[in-house]
Structure formats: structure tokens, C-alpha cells
Amino acid sequence: MSEILQKIASNLYKGDREAVAELAQEALDQGLSPGEILADGLMAGMDRVGRDFKAGDLYVPEVLLAARAMHAGMDVLKPLLSEAEVPSAGKIVIGTVKGDLHDIGKNLVAMMMEGAGFEIVDLGTGVPPEQFVEAVEGEKPDLLGMSALLTTTMPMMRTTIEALEQAGLRDRVKVIVGGAPVTQTWADEIGADGFGSDAASAVDVARSLMG
Ligand code: B12
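Just so we're clear, the structure is a prediction, and the values are computed from it rather than from any experiment.

So, how was this worked out
Residues numbered from 1 in each chain as written. Predicted model: local features only at pLDDT ≥ 70, side-chain atom pairs only at ≥ 80, totals over all residues. Heavy atoms only, no water. Helix = DSSP H or I, 4+ residues; strand = E, 2+ residues; numbered from the N terminus. Buried < 20%, exposed > 50% of the residue type's maximum accessible area, 1.4 Å probe, protein only. Contact = heavy atoms within 4.5 Å. Near = heavy atom within 4 Å. Polar contact = N/O pair within 3.5 Å; in protein donor to acceptor, adjacent residues only side chain to side chain. Donors = N, O, S within 2.8 Å, 3.2 Å for Na, K, Ca; no water. Core = buried A, V, L, I, M, F, W, Y, C linked by side-chain atoms within 4.5 Å. Expected span 1.5 Å × (residues − 1). Arc of directions from axis to C-beta. Pairing = 2+ DSSP bridges. Right-handed = clockwise from strand over helix to strand, strands pointing away.

(A) Focus on the environment of Glu36. If you trace the backbone, Glu36 turns up in helix α3 (residues 34-54). Overall, the relative accessible area of 35% leaves Glu36 in the partly exposed class. For the pair formed by Glu36 and Leu5, sequence separation is 31 residues and the distance between their alpha carbons is 8.6 Å. Leave out the neighbours within four places in its chain, and Glu36 touches Leu5 and Gly41.

What follows is the structure, encoded as C-alpha cells:
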């Protein structure tokens, strides 16, 4: 892998957002594609952050700094990703469920989906079922993505799916779910259409549901 991509990954890991933004621009100037910089620079760095965080070698403040650096790199790539890569892969409304304020994973999923050509409507965090329903009605997305990081907020996913059913909108949208405590078994149990254990598999699932 090229040296500059490794530098992007290691500066993202360190949470140095200025360096990540500058290096992303430099990589573009060297002729690397935005997709390559995203996958082998930014995501590679974030994967390492995720692994070390799981192992207890990194703590929350470091994860937040790395996420900020990821955003800085994405800001450089975003305009190019949206015009250069796949035209429009589909539209997704995404949010973290009511009662839950965790958004690092959801933001990563949204960024990866955007990189893969999806149009994103991000409702943010603490999104109540009725707001998801309203967005499905108004935005007419192909997919609805819900994130939950707390075992106490996971049931909100089921409540939201039920609210979609009650509003007569369930057949209009494919529902995908994710977040650290969420599993395929849970997704099946609540009647979701798909589950993604990380941002890359979220994109794969979204693509396969789009046919
Ligand atoms: C960072 C963090 C916080 C930050 C959140 C900052 C932010 N802006 O998000 C802060 C400090 C604010 C926080 C607060 C709390 N937290 Co917290 N937090 C975490 C921590 C350390 C990391 C979560 C994270 O960002 N991971 C990194 C991302 C990249 O991973 P991810 O979220 O899993 O996302 C990936 C996948 O799951 C998937 N994915 C995620 N969403 C989606 C959506 C879709 C559609 C798809 C397909 C895929 C997908 O793709 C993502 C990218 O790969 C976890 C510990 C852990 N190991 O998970 C605890 C953790 C989730 N928190 C926990 C708790 C208890 C809390 C608090 C209640 C603490 C308190 N007493 O106040 C509050 C709750 C606040 C609230 N109401 O939400 C517990 C939950 C326990 C449980 N089983 O319910 C955990 C597990 C810590 C622990 N071991 O106790 N937290």
C-alpha cells in the first residue's frame, strides 16, 4: 500500500485532523482515487481504532478524536466521492433510536454509505419512532437504518418497525439495524430486513437489499 495511505491511517489513529485533511488532499494531488483514500487510508485507520478500542488499548476521548479526524478527511473527499463514484445507489434515512445518544458508529455507517453512492438523510440521535415514520413518509427512502448502542434502547427498533406497520409504510422501505449489542438474531426477531456488524458490512447489506 502506498506510503501516503499509511500516513493517513496512522494520523487518523492519532486523531490529528489537520494532518489527515492535508494528507488526503496530497493523496488526491498524487492521483489516488477518493475511493482508495477512503478505504485504504481513512477506513484502515478507523478499523485499527475500533480493534484497539475493543481490546481496551484506546479510550473514549481517543476514539472521539479519531472520529473527528475521519470527518476532516471525509470533508476533503466528499465532493469528489459523490460525483466520481457510483451515481446514486439509493436513498437511506438513518438515525440513532430514542433514548440513545451514541453516534460514532452511525456516523461511520452514514459516511461509508455516502462513499458508496447512497443519498443520506441523517436524523441524528435520540430519534423517536414517530420521527422515523415521518421521514419515511416525507423522504421516501429505499432504506431505513437504525442504530442502538444500549441494550435498554434496542427495543426502540421494534417499536419503530411497529410504528411503520401501523402507518402502513412497512412495505415501502427496507429496514436495516446495527450497533454494538445488535445481532442478526435480534434483527430477525424484530422483523428487520438486514443487519450490519460494521460500516463495511452495512454497505454490503444495503447494496444487496437494493437488488
Ligand atoms: C463512545 C461511547 C460513549 C460516548 C458516546 C459519544 C458519541 N458521540 O457517540 C458517551 C461518553 C457520550 C457515552 C455515553 C453513555 N454510554 Co457509552 N459507550 C461508548 C463506547 C465506549 C464506544 C461506542 C462507539 O462509539 N464505538 C465505536 C463505533 C465505531 O462502533 P459501533 O457504535 O458499534 O458502530 C459500528 C457497528 O456497531 C455498526 N453500526 C452502528 N450503527 C449501525 C447502524 C446500522 C443501520 C448498521 C447497519 C450498522 C451499524 O457499524 C459501526 C461502524 O463499524 C461503548 C463501548 C463499546 N465497546 O461499544 C460504550 C457503551 C455503549 N456505553 C454504555 C453506557 C452504559 C453509556 C451511558 C448510559 C453511560 C452513563 N451512565 O451515562 C451513556 C448513555 C448516553 C445515552 N443516553 O446514549 C455501555 C452500554 C451497556 C449496554 N449494554 O447497554 C457501553 C457498552 C460501555 C460499557 N461497556 O458499559 N458512551
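(B) Focus on the site of the ligand. Close to the ligand lie 27 residues, the nearest being Phe53, Leu101, His102, Asp103 and Ser147. Here Thr151 contributes a backbone N or O atom positioned 2.9 Å from an oxygen atom of the ligand. Put simply, the parts of the chain that give the shell around the ligand at least two residues each are α5 (104-115), β3 (143-147), β4 (174-178) and α9 (199-209). At four residues, the largest contribution of residues to the shell around the ligand is made by α5.

(C) Representation of the coordination of the cobalt atom of the ligand. In this structure the cobalt atom of the ligand is ligated by exactly one protein donor, His102 (NE2), at 2.3 Å. Looking at the element boundaries, His102 is found in the loop between β1 (90-96) and α5.

(D) Expanded view of the nonpolar core. Leu12, Ile37, Leu38, Leu42, Met70 and Met113 are the most contacted members of the largest nonpolar core, which totals 45 residues. If you list the elements that add at least two residues to this core, you get α1 (3-14), α2 (17-29), α3, α4 (60-84), β1, α5 and α9. Ranked by the residues each element gives to this core, the list is headed by α4, at nine residues. Phe132, Ile161, Leu164 and Ile190 belong to the second largest nonpolar core, which has 26 residues in total.

(E) Summary view of helix α7 (residues 155-166). In a regular helix each residue adds 1.5 Å, so twelve residues correspond to 16 Å; α7 covers 17 Å between its end C-alpha atoms and thus fits that length. Listed as buried for α7 are Met157, Thr160, Ile161, Ala163 and Leu164. Looking down the long axis of α7, one finds its buried residues gathered within 155 degrees of arc, a one-sided arrangement. Check the buried side of α7 and you find it contacts α6 (129-139), β3, β4 and α8 (184-190). Phi turns positive one or two residues past the end of α7, at Gly168, with a value near 70 degrees.

(F) Spotlight on the pairing of β3. Where burial is concerned, most of β3 is hidden: five out of the five residues are buried. In this structure, β1 lies alongside β3, joined through five bridges in parallel fashion. Residue Gly95 lies in a different strand from β3, and its bridge partner there is Met146. Note that the unit made of β3, α7 and β4 has a crossover that is right-handed.

(G) Fine view of the environment of Ala206. Residue placement: Ala206 occurs in helix α9. What makes Ala206 buried here is its relative accessible area of 0%. It is 8.9 Å that separates the C-alpha atoms of Ala206 and Ile92, two residues lying 114 residues apart in sequence. Setting aside its immediate chain neighbours within four residues, Ala206 contacts Met113, Phe118 and Leu143.

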